[in-house]
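Here's the letter readout for the chains.
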Amino acid sequence: MIRPASEIEYPASEVQRIRASMLARMEALNSASNSLMTIIAERIGAEDREDELRVDELTAEQDRLIENMRRLARR
């Protein structure tokens, strides 16, 4: 978002840094959530085809994404 010069503080206030950090974490969580949903959809498709190797790979990726989301949420 572009702000007019009259609204820009330099150096940034503590509140602005906290807000920017929160927005960055929310964006990262949203991206991780979208990735997780994609992996779950692929996994379901692999289960339908009974592709055991692909299901195992997708399950591992799903677990990795969930752990990543937990780390992001703890920050």
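A short tour of the structure in this document, coming up. (Residues numbered from 1 in each chain as written. Predicted model: local features only at pLDDT ≥ 70, side-chain atom pairs only at ≥ 80, totals over all residues. Heavy atoms only, no water.)

**Some points on the overall build of the protein chain**
- Secondary structure summary: the protein chain contains two helices and zero strands in total.
- The buried share of the protein chain, taken over its 75 residues, is 12%.
- Considering only intrachain contacts with a sequence separation of at least 6, the fraction spanning at least 24 residues in the protein chain is 45%.
- Of the roughly 6,100 Å² that the protein chain leaves accessible, carbon and sulfur atoms contribute 55%. (Helix = DSSP H or I, 4+ residues; strand = E, 2+ residues; numbered from the N terminus. Buried < 20%, exposed > 50% of the residue type's maximum accessible area, 1.4 Å probe, protein only. Contact = heavy atoms within 4.5 Å. Areas by Shrake-Rupley, 256 points an atom, 1.4 Å probe, with all protein chains shown as cover.)

**Notes on the nonpolar core**
- Core analysis: the biggest nonpolar cluster contains six residues, these being L36, I39, A46, V55, L58 and L65.
- If we skip the residues at most four places from it in the chain, A46 touches D51, R54, V55 and L58. (Core = buried A, V, L, I, M, F, W, Y, C linked by side-chain atoms within 4.5 Å.)

**A closer look at the pattern of salt bridges**
- Tallied over the full model, the rule gives seven salt bridges.
- With a closest N to O distance of 2.6 Å, R17 and E14 form a salt bridge. Of this pair, R17 and E14 are both found in helix α1 (residues 14-48), three residues apart, which corresponds to roughly one turn of the helix.
- R17 gets classed as partly exposed once you look at its relative accessible area, which sits at 45%.
- Its relative accessible area of 47% is what places E14 among the partly exposed residues.
- Here R54 ties to E42 by a salt bridge, and the two come within 2.7 Å at their closest N and O atoms. Placement of R54 in helix α2 (residues 52-74) and of E42 in helix α1 is noted, with a sequence separation of twelve residues between them.
- The partly exposed category is assigned to R54, whose relative accessible area is 31%.
- Residue E42 is classed as partly exposed on the basis of its relative accessible area of 32%.
- Residues participating in the shared-partner salt-bridge network are E42, R54 and E57. (Salt bridge = Lys/Arg side-chain N within 4 Å of Asp/Glu carboxyl O.)

**A few points about a nonpolar patch on the surface**
- A surface patch of nonpolar side chains, about 270 Å² in accessible area, is lined by M22, L23 and M26.
- Mapped onto the elements of the fold, M26 is located in helix α1. (Patch = residues over 30% accessible without salt bridge, like charges linked within 9 Å, V, L, I, M, F, W, Y side chains within 5 Å.)

**What about α2?**
- The end-to-end C-alpha separation of α2 is 33 Å, in line with the 33 Å expected for 23 residues at 1.5 Å each.
- Within the span of α2, buried status applies to V55, L58, Q62, L65 and L72. (Expected span 1.5 Å × (residues − 1).)

**Focus: the environment of E61**
- In this structure, E61 sits in helix α2.
- Sequence separation between E61 and R43 is 18 residues, and the spatial gap between their C-alpha atoms is 9.9 Å.
- Within the local environment of E61, its side chain forms a polar contact with the side chain of R64, the two groups lying 2.8 Å apart. (Polar contact = N/O pair within 3.5 Å; in protein donor to acceptor, adjacent residues only side chain to side chain.)

Limitation: the analysis is restricted to geometry and does not speak to function.
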